[in-house]
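For reference, the chains in residue letters:
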Amino acid sequence: MALLGAVAAGCARPQPPELGSTQRSLRTIFEGAFLVGAALNAAQFSGLDPIGAAIVQAQFNSITPENVLKWGSVHPRPGTYDFAAADRYVAFGEQNRMFIVGHNLVWHNQTPRWVFEDSSGGGHPVSRDTLLARLRDHIHTVVGRYRGRIKGWDVVNEALNDDGTLRRTPWLTTLGEDYVATAFRFAHEADPDAELYYNDYSLENAPKRRGAVELVQRLQNEGIPIAAVGLQNHDRLDWPSPAQEDSTIDGFAALGVRVMITELDVDVLPRGADPFVDGLPDSLQQALARRYAELFGSYLRHRGTVTRVTFWGVTDRDSWLNNWPVRGRTNYPLLFDRDGRPKPAFAAVIGTAPAKQGRHD
Ligand code: GLA
């Protein structure tokens, strides 16, 4: 959605959160239903944010990198790859025995301009053959480096417009419509065992969903191994409705692919305003809790199809929604507050968990 990704989270926090060993955890409570993950910033997996890291270790069994595997981070200049941060991310996931997601290989944002320009320096569009060669080199190098360690990749991110047509990005205009299939082919060559995903937002809206269904069918008809569709779920208190969420998940399940909720958060601020700098009113805190319970109700109705639910961030302090669509606001979209304490929404999500016999969480 936006260029803004990570928000620095490295500063010291006043108090440790109340997350003792008796606290019930998301990862244990949904065991057998789906993985529960979080998108991490560099501070959380590099030791600069021990409180954030402790929450991740206690609560989640899957991780996604907010930024460090995007093209601009990992491949900033022609022929120059920088894997320092991505290596730390993968090591953190392995140390904590987590399902490690790679995000993402092909996107129109956070991709340097040089990728789409020829080498004359004049800003001229690159030829199709050169762009194909760059794409192949990028995917083979990045996926190949983490072969067998990163278990699933968001291969193509946000290729669709709201009306369901393909977005006119340089990928489309230079390579043509089959760039999506080509990217999946390169990823499959680089790691035949990795799960490959198509990831997008607002697929709950019917026209865009139709476009995604057609895209998945085209890939399947060509024999491309697409394992799942990622529904970003950058949600609001009143969008999408449970009916929209249910029918979206059902629509992809009917194609035989799994569904992953990949970037979950709930924006509570009115468009353009910043009314809650001193704290979220209790009525909204409760509305957020009810909203999260409603969303998890939908995911649980589709257990078996929905195999992972990943939050886009760990605490409210880290969220990109403090800076989008307006910079410097105070938003409250996640389950943990700015000091890392669980919010009423956390208890509400835990409360939706299916009963398990002999559960010791
Ligand atoms: C999109 C991208 C993510 C992230 C978020 C907002 O949804 O897929 O990588 O950039 O926007 O930060």
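This write-up is about the structure you can find in this document. Each residue is numbered by its place in its chain's sequence as written, counting from 1. Totals for whole chains, interfaces and linings use every residue, but because this is a predicted model, local features are given only for residues with pLDDT of at least 70 and side-chain atom pairs only at 80 or more, for both listing and counting. Note: side-chain values were computed over all heavy atoms of the structure, leaving out hydrogens and water.

We now examine the packing of helix α10 (residues 242-253) against helix α11 (residues 282-301). Axes here refer to lines fitted to C-alpha atoms; in helices the fit is confined to the stretch in contact. Angles between the N-to-C directions go from 0 to 180 degrees. Helix and strand assignments come from DSSP, with helices taken as H or I runs of at least 4 residues and strands as E runs of at least 2, each series counted from the N terminus. Where α10 meets α11, the axes come as close as 10 Å, and the angle between the chain directions of the two elements is 25 degrees. One element, α10, and the other, α11, form an angle in the roughly parallel class. As α10 packs across α11, the resulting crossing turns out to be right-handed. Contact residues: α10 offers Pro-242, Glu-245, Asp-246 and Ile-249, while α11 offers Glu-294, Ser-298, Tyr-299 and Arg-301. When its residues are assigned to classes, the contact of α10 with α11 shows three nonpolar, one polar and four charged. The labels follow the angle: roughly parallel below 35 degrees, roughly antiparallel above 145, roughly perpendicular from 65 to 115, and oblique for the rest. With the far helix as reference, a near helix turned anticlockwise by less than a right angle produces a left-handed crossing, and one turned clockwise produces a right-handed crossing. Contact criterion: two residues are considered in contact whenever any of their non-hydrogen atoms come within 4.5 Å of each other. Basically, the charged four are Asp, Glu, Lys and Arg, the nonpolar ten are Ala, Val, Leu, Ile, Met, Phe, Trp, Tyr, Cys and Pro, and anything else, Gly included, counts as polar.

With that settled, consider the side chain of Asn-199. Following the sequence through the fold, Asn-199 ends up in strand β5 (residues 195-200). Asn-199 gets classed as buried once you look at its relative accessible area, which sits at 0%. The term polar contact refers here to a pair of N or O atoms within 3.5 Å; inside protein, the definition further demands a hydrogen-donor-capable atom paired with an acceptor-capable atom, and it admits residues adjacent in sequence only when both atoms are side-chain atoms. A distance of 2.8 Å separates a polar atom in the side chain of Asn-199 from a polar atom in the side chain of Asn-157. Residue burial is assigned from relative accessible area. The probe radius is 1.4 Å, only protein chains are included, and a residue is buried under 20% of its type maximum, exposed over 50%, and partly exposed in between.

Residues Ser-62 and Thr-64 line one face of strand β2 (residues 62-65) and the alternating positions Ile-63 and Pro-65 line the opposite face, and both faces are buried. Strand pairing requires that DSSP identify at least two bridges connecting the strands. Inspection of the sheet shows strand β1 (residues 35-40) paired to β2 by four bridges, in the parallel sense. Bridge pairing in β2 links Ala-39 to Thr-64. Note: β2 against strand β3 (residues 99-106), two bridges, orientation parallel. When the bridges of β3 are listed, Ile-63 appears paired with Ile-100.

A word on unusual backbone geometry. Cis geometry is adopted by the peptide bond preceding Asn-104, which originates at His-103 and carries an omega value of -10 degrees. Here Asn-104 lies in strand β3. With an omega of 5 degrees, the peptide bond running from Trp-324 to Pro-325 counts as cis. One can find Pro-325 in the loop between β9 (306-311) and α12 (344-351). Residue Ser-202 is not a glycine yet carries a positive backbone phi of 60 degrees. Within the secondary structure layout, Ser-202 lies in the loop between β5 and α9 (206-221).

Moving on, we come to the pattern of salt bridges. For side chains of opposite charge, pairing can occur when their charged atoms come near one another. By definition here, a salt bridge exists when the distance from a side-chain nitrogen of Lys or Arg to a carboxyl oxygen of Asp or Glu is within 4 Å. Under the criterion given, the structure shown has 13 salt bridges. A salt bridge links Glu-195 to Arg-258; its shortest N-O distance comes to 3.1 Å. Pair noted here: Glu-195 is in strand β5 and Arg-258 is in strand β8 (residues 258-267), with a separation of 63 residues, a long-range link. Of the residues examined, Arg-258 reaches a relative accessible area of 27% and is grouped as partly exposed. Its salt-bridge partner being Lys-343, residue Asp-316 comes within 2.7 Å of it at the nearest N-O pair. Here the residue Asp-316 occupies a position in the loop between β9 and α12, and Lys-343 occupies one in the loop between β9 and α12, the gap between them amounting to 27 residues. A residue is classified by how much of its surface remains accessible, and Lys-343, at 6% relative accessible area, is buried.

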